Amino acid sequence: MRIVHYLNQFFGQEGGEDTADIGVLVKEGPVGPGLLLEKLFQGEAQVVATVICGDNYFSANVDKALDEGIPLIAAQKPDLFFAGPAFHAGRYGVACGALGTAVSERLQVPAVTGMFPENPGVDIYRKGVYIIPTGASAATMKEALEKMAALGRKLYRREPLGSAAQEGYLARGLVKNEFLDSPGAVRGVEMLLRKLRNQPFETELPLPRFEAIPPAPKLTALSNATLALVSDGGLVPKGNPDRFKVSGNTVFAAYEIEEFLGNPFQVAHSGYHHSEVRKNVNRLLPVDVLQEMAQEGEYGNLLPVFYSTSGNTTTVQSSKAMGKGIAEKLKESGVDAVILTST
Amino acid sequence: MQISAVVDVAKMVGVSRLIRGYSITSPVCDPHLDPEKEKAMRRKYLDKALAMLQEEGREGEFQTIE
Amino acid sequence: MKLHLESVSITGVEFAERTGVADHTLYINKKALQELLEEDPHFARVAVELATPGDPTRIVNVVDVVEPRCKIEGGEDFPGVLGKTVSAGAGITRALKGVPVVVCDRHPHWVHSKSLIDMSGPGAALGRYGAMTNVVIDPLPHGEIGDWDYAHSVKVAGCKAAAYLARAAAADQVDGLETFHLEPAAGDLPRVAYYYQIYSPQHDARGIPDPIFYGYPIATTLPLVVHPNEIIDGAVLSGYTIRMMESYSIQNHPLIFELFRRHGKELNFAGVVVGVASMESARRPLAALMVGNLVRDTLKAEGVIMTKPLGGAPTVDLGEAAVACEQRGVKSCLLVQLFNPETFLDSEAMFNDASLNAIVNTGIIFDTASLPPLAQIIGGTEDTPVFHDTRRQVAGEELEVEQRFICGCLNQLGASSATAVQY
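1. Description of the interface of chain A and chain C
For step 1, the next point in the chain: Listed per partner, the contact involves 41 residues of chain A and 56 residues of chain C.
For step 2, the next point in the chain: For the side of chain A that touches chain C, the secondary-structure elements that each account for two or more residues are helix 7 (164–167), strand 7 (175–179) and helix 8 (184–196) of chain A.
For step 3, the next point in the chain: Ranked by residues supplied to the side of chain A that touches chain C, first place goes to helix 8 of chain A with eleven residues.
For step 4, the next point in the chain: Here the residues of the side of chain A that touches chain C sort into 22 nonpolar, twelve polar and seven charged.
For step 5, the next point in the chain: As defined by bridge partners, strand 7 of chain A adjoins strand 24 (residues 418–422) of chain C across five bridges and the pair is classed as antiparallel.

Here it is, written out as structure tokens:
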């Protein structure tokens, strides 16, 4: 088994923060922690090459670093790719995550890295590369490499992988059904009895925690304000040209209001019954009233375009991404306030 | 600001200007009213919306049009 | 209200000259059963087939599974649907165990809500009916029939077949008896209630609800107290499509049976409150407070376990009802599902009140299974569409099927052992 290992300038023994600007380079064989990594495979595999890059160089231009690094990795014909572990180092985590994801996607080679769960690289790359949770410092190197090696071996052998909890990798954002020994009803009665007896129990669904978002400051000059309408009720022109999914949707689109109202439309949302909206779209998109109010001078003007999406079983992540995307567009258009209608 | 019948989810995620909508299938009016009354109800929702935009936001709370 | 539920365990099924049960084998006069069901003028014909575990058979267009049951004394078969509207839940009911009636609906309405049952292969392992011998009722519509009229005929046909088969067994073939009697148990056992959110009108096409309660729709009812005996004795059937709550799973309601099982031992089963999900926002806090009050003051419960149908809005409702109970000092446990296969478990709950710390996750409803083609198709043809969210697929092909459409795989009452796990 041929392994390629990625390290930053420090673990790659090129220097410290002073060499964080070095570009991508290759060394033959294992370097630093790579020696232990190789040993963990007990002759089954060799670290044939170590790719090294300075943390600043990589994070300053991830795409460039990838374009330079991936061919170097590919040239080594790896069976397995390891990056880091990066522990709590943010730039290093980003490099490991980006490379691991690219190796996995572009080279179809299994990739594993390791990071402290709060490393910013985790949220960005957890779906693209397997990330083993590590401690915050390199004091936990041995344990981290052992876990990385074990997972890597399974991936190489194409063994079926279990859940994040079973295999020890950080959740990748996929959820699947498993069938336990006990039906849900029995698990429920037992859980309730434990709760009633003040005995410890474990919920099967943790409660979400949402970051506090400070409210935007109030409008002071409503008479000049530009308002925009946004809706998550799934309004789309007939034919659903932007391909909103009726559930688990991840995209939004801008539609010119006059054109939308003047042409056939449909509702791409399978979570509510839309006959009332189809009979009168103002019940979801109150354009009639808003246009009158603009004419009466109640506020400045209504943006001629509305932003539409479909919000049925949308994940928190997608919702955040779409919200940010819509907000950016609205700011570019000089919008001061938004009215969002939801089904 | 947001108009939604399902205020619980909006409150949970911290929406700070929230009006409780009429129903899931018709957020800004009662679709069973006569068309004029239905439109008048929509107007009430939007009047309230504009009023709230001019007030400080309050996370986890909602208002109604009554 | 005391219910004696007799059971006759059936280990084999055959077509024969006369309908009857002998030595735990059910003999069915196919012609007689067909003629009985073909009395409904909405049917051109009704096929009756057997599907046995291991058969290379895929049953499609499945809209219900019903356990053969008949009323021996003290009531009517499927009151309000077949029989007169009298109370269920008392007297003597006889059930055949191990031979469910599977009901197919070939009318082209509601394609997306039809389920399937595979009798061999990975599908058979996933859905519990793959391990039972199923008596499949497969009608064909006669001429142009409206959606609801036909769906109602199909529902009635399933109940008719179920009652007919149950009557095949004589008293001396009964080999099991369970008695359901909600006498307050002695001792200081915690009183536990069940809040059964039984319906949500959010998908009612043209606003017409399914008649699930004694053959009557209760889509807008405020919370009410119903005796658990009634629920398991035919007062509640599934809607016109299964939606992970087929009639069989209500007749054998896993929570009600489990609460009765532990009644007098670890808990005092306090009773059941039935409710529906709110569509109007003004209604939600009203329904929630009523659940809280009924559970605490009428049922006098200290703990409550809850289930819901369908999707997101009912989940939010359930959370509200649970918070209302917790605020009244009643501890809650909720059975909910996840909807998005690409997500993180810790962002999926649709409520975050700290008191809702006991949640059972009964699975992700959109997880898919790959099912190879099977040689024989019952209840449809090779070209019968099977739901897929982005492309067309038909019964005769290899299928990618959401587990919610594999009948008996997932269940919102807690009959299934599925749970959603983070990958």
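2. Quick look at the sheet that holds strand 1 (residues 2–8) of chain A
All names here are of chain A.
For step 1, the next point in the chain: In spatial order, the strands read 2-3-1-4-5-6; together these six strands make up an open sheet with mixed pairing. Each end of this open sheet is capped by a strand with a single partner; those strands are strand 2 (25–28) and strand 6 (130–133). Taking the axes of each pair of neighbouring strands and ignoring which way they run, one obtains an average angle of 25° across the sheet.
For step 2, the next point in the chain: The pairing of strand 4 (residues 80–87) with strand 5 (residues 111–115) spans four bridges and is classified as parallel. Pairing of Phe87 across the sheet is with Met115, part of strand 5.
For step 3, the next point in the chain: Set on the sheet, helix 3 (residues 62–75) makes contact with strand 1, strand 2, strand 3 (46–53) and strand 4; between it and strand 3 the angle comes to about 165°.
For step 4, the next point in the chain: Of the strands in this sheet, strand 1, strand 3, strand 4 and strand 5 touch helix 4 (residues 90–106), which is tilted by about 165° from strand 4.

3. Let's talk about the environment of Ala102(A)
Residue and element names in this part refer to chain A.
For step 1, the next point in the chain: With respect to the helices and strands, Ala102 occurs in helix 4.
For step 2, the next point in the chain: Distance in space between the C-alpha atoms of Ala102 and Gly188 is 43 Å, their sequence separation being 86 residues.
For step 3, the next point in the chain: Those residues within four positions of Ala102 in sequence are excluded, and the remaining contacts are Leu66 and Ile70.

4. With respect to the sheet that holds strand 8 (residues 91–97) of chain C
Residue and element names in this part refer to chain C.
For step 1, the next point in the chain: Strand order in the open sheet made by the four strands is 7-8-1-12, with mixed pairing throughout. Edge positions in the sheet fall to strand 7 (69–73) and strand 12 (176–181), since each has one partner strand and no second. For this sheet the average axis-to-axis angle between neighbouring strands, irrespective of direction, equals 25°.
For step 2, the next point in the chain: Contacting strand 7 and strand 8, helix 3 (residues 147–166) crosses the sheet at an angle of about 55° to strand 7.

Procedures and definitions
Residues numbered from 1 in each chain as written. Chains lettered and ligands numbered in written order. Predicted model: local features only at pLDDT ≥ 70, side-chain atom pairs only at ≥ 80, totals over all residues. Contact = placed C-beta atoms within 7 Å. Helix = DSSP H or I, 4+ residues; strand = E, 2+ residues; numbered from the N terminus. Nonpolar A, V, L, I, M, F, W, Y, C, P; charged D, E, K, R; others polar. Pairing = 2+ DSSP bridges. Axes fitted to C-alpha atoms, helices over the stretch in contact; angles between N-to-C directions.

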